[in-house]
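Residues per chain, in single letters:
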Amino acid sequence: MLQADPHLSCTMMVGMNTKSPTPVAVVTGGARGIGLAVGQWFLEHGHRIVLIDTDADTLRQTVDHLARSDDVMGLHADVSKPEQVESAAQQVMARWGRADALVNNAGVAVFKPVLETTFEEWRYVLGTNLDGAFLCSQAFGRIMAKQKSGAIVNIASISGLRASTLRVAYGTSKAAIIHLTKQYAAELGNYGVRVNAVCPGPVETEMAKLVHSVAIRSDYIDTIPLGRYGSPQEMAQTVGFLCSSQASYINGQFLAVDGGFDASGVGLPTLRRNDPEIRHVGQPPDSSH
Ligand SMILES: NC(=O)c1ccc[n+]([C@@H]2O[C@H](COP(=O)([O-])OP(=O)(O)OC[C@H]3O[C@@H](n4cnc5c(N)ncnc54)[C@H](O)[C@@H]3O)[C@@H](O)[C@H]2O)c1
């Protein structure tokens, strides 16, 4: 349910039916992690932002922390619920009258063996990761199609590019999002709306803490040429680029932002063992600019 908390919904409807002069970016799962970094990127690049999330407490803290009440709207909504998505789109239009970017970032992960994954777990993951992107792209895509402009970025994963253990629901949902991206691009492109996907490698967030055991972390670092996890800011910069005019002819594509994971195959750990000069790269560059 959408809350009547003025922090987390647009019950005041300032400027109702007046189009904001400032572009508006909508980020699902924006209360924390990659979604929050994406929201901050848009704020720093002249947008108003709408953060949609199911975690009301974290969302409220995030909106308070950003301290930009004229430019930040928090909406407590579940992207897997059609009526809540529709209501969110209506609230954005009522307050700011436009939607220029949509980032389908809300996602959940259940890592379990194929033979132990329950149907409920499968539906939970597919419901959020895939249904959510379908529903939000439809609700906000309609607005963008009317505007004849806009950009959508879907946050997929390297787990959608390469199958791996324990990811039957998660990996399948992410592979499906990549194709969903192309389906939307094929139709919304006719209205001047571009749709692309980003496939992050492992990124230091709460989700990673939840599903990346010590062994999985070590496997990733062993297998990634850059030898480290990515940062939320590195994902946000790529999303921002894809939504910007610099990417004005990019439509229907997916881009792995993964330190080289998808490009590489066997041999890297052996190479490192045999060449003492090769060290892990360490921290990401300063991404505050
Ligand atoms: N962290 C990684 O290593 C990694 C790697 C590849 C892809 N991704 C993808 O990046 C996206 C963000 O991941 P993160 O690591 O920042 O995760 P996170 O768990 O830190 O944040 C996800 C946010 O989405 C919200 N959310 C979950 N279900 C929702 C729903 N139904 N409706 C609205 N909001 C919902 C959560 O409350 C949370 O705030 C996800 O789609 C994830 O699959 C993450």
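Everything discussed here concerns the structure shown above.
No experiment lies behind these values; they were computed from the predicted model shown. (Residues numbered from 1 in each chain as written. Predicted model: local features only at pLDDT ≥ 70, side-chain atom pairs only at ≥ 80, totals over all residues.)

Enquirer: Run through helix H3 (residues 82-96), naming residues and quoting values.
Expert: Helix length check: H3 (15 residues) gives 21 Å between terminal C-alpha atoms against 21 Å at 1.5 Å per residue, within 8%. Three or more residues of H3 are buried, namely Gln84, Val85, Ala88, Ala89, Gln91, Val92, Arg95 and Trp96. Projection of H3 onto a plane perpendicular to its axis shows the buried side chains occupying an angular sector of 160°, all on one side. In this structure, the buried side of H3 is in contact with strand E1 (24-28), strand E2 (48-53), strand E3 (72-76) and helix H4 (119-147). (Helix = DSSP H or I, 4+ residues; strand = E, 2+ residues; numbered from the N terminus. Expected span 1.5 Å × (residues − 1). Buried ≥ 20, exposed ≤ 12 C-beta atoms within 10 Å, placed from the backbone. Arc of directions from axis to C-beta. Contact = placed C-beta atoms within 7 Å.)

Enquirer: Tell me about the packing of helix H1 (residues 33-44) against helix H8 (residues 232-243), and name the residues and values.
Expert: In contact at an axis separation of 8 Å, H1 and H8 are set at 50° when each is read in the N-to-C sense. By the criterion of interaxial angle, the relationship of H1 to H8 is oblique. Crossing angle aside, the handedness with which H1 passes H8 is right-handed. From H1, Gly33, Ile34, Ala37, Val38, Gln40, Trp41 and Phe42 reach across to H8, where they touch Pro232, Gln233, Met235, Ala236, Gln237, Val239 and Gly240. Broken down by class, the residue content of the contact of H1 with H8 amounts to nine nonpolar, five polar and no charged. (Axes fitted to C-alpha atoms, helices over the stretch in contact; angles between N-to-C directions. Parallel < 35°, antiparallel > 145°, perpendicular 65-115°, else oblique. Left-handed = near helix turned anticlockwise from the far one by under 90°. Nonpolar A, V, L, I, M, F, W, Y, C, P; charged D, E, K, R; others polar.)

Enquirer: How would you explain unusual backbone geometry if you had to name every residue and give the values?
Expert: Positive phi, normally seen in glycine, also occurs at Ala67, with a value near 50°. Within the secondary structure, Ala67 sits in the loop between helix H2 (56-66) and E3. What makes Ala67 exposed here is the crowd of 8 C-beta atoms within 10 Å. If you check the backbone angles, Leu166 has positive phi at about 70° while not being a glycine. Here Leu166 is to be found in the loop between strand E5 (150-155) and helix H5 (168-188).

Enquirer: Break down the site of the ligand for me, citing the residues and quoting the values.
Expert: With respect to spatial proximity, 30 residues lie near the ligand, and among them Gly29, Gly33, Gly107, Thr205 and Met207 are the closest. Listed by contribution, the elements that provide at least two residues to the shell around the ligand are H1, E2, H4 and helix H6 (206-211). When grouped by side-chain class, the residues that make up the shell around the ligand number twelve nonpolar, 13 polar and five charged. (Near = placed C-beta within 6 Å.)

Enquirer: I'd love a proper account of the nonpolar core, names of residues and values included.
Expert: By size, the foremost hydrophobic cluster in this structure holds 67 residues, and its most contacted members are Val26 and Val239. Ranked by the residues each element gives to this core, the list is headed by H4, at nine residues. Counting residues in hydrophobic clusters, the runner-up holds seven residues, among them Phe111, Val125, Ala169 and Tyr170. (Core = buried A, V, L, I, M, F, W, Y, C linked by C-beta atoms within 7 Å.)

Enquirer: Outline H1, listing residues and values.
Expert: Helix length check: H1 (twelve residues) gives 17 Å between terminal C-alpha atoms against 16 Å at 1.5 Å per residue, within 8%. With nine of twelve residues buried, H1 is to be regarded as a mostly interior element. Residue Gly46 follows H1 closely and has a positive phi angle near 75°.

Enquirer: Kindly report on the sheet that holds E5, identifying the contributing residues and their values.
Expert: Strand pairing within a sheet occurs via backbone hydrogen bonds; the two strands may be parallel or antiparallel. If you walk across this open sheet you meet the seven strands as E3-E2-E1-E4-E5-E6-E7, and the pairing is parallel. Among the strands making up the open sheet, the edge pair consists of E3 and strand E7 (254-257). On average, adjacent strands in this sheet sit at an angle of 15° to one another, irrespective of strand direction. Here H2 sits on the sheet and contacts E2 and E3; the angle it forms with E3, its principal contact strand, is near 175°. Seen against the sheet, H5 touches E5, strand E6 (193-200) and E7 and runs at an angle of roughly 165° to E6. (Pairing = 2+ DSSP bridges.)

Enquirer: So what's going on with the packing of H3 against H4? Residues and values would help.
Expert: Contact geometry of H3 with H4 gives a least axis separation of 9 Å together with a crossing angle of 30°. Classified by the interaxial angle, the pair formed by H3 and H4 is roughly parallel. Handedness of the crossing formed by H3 with H4: right-handed. Here H3 contributes Pro82, Val85, Glu86, Ala89 and Met93 to the contact with H4, which in turn contributes Leu135, Cys136, Ala139, Phe140 and Ile143. Its residues assigned to classes, the contact of H3 with H4 comprises nine nonpolar, no polar and one charged.

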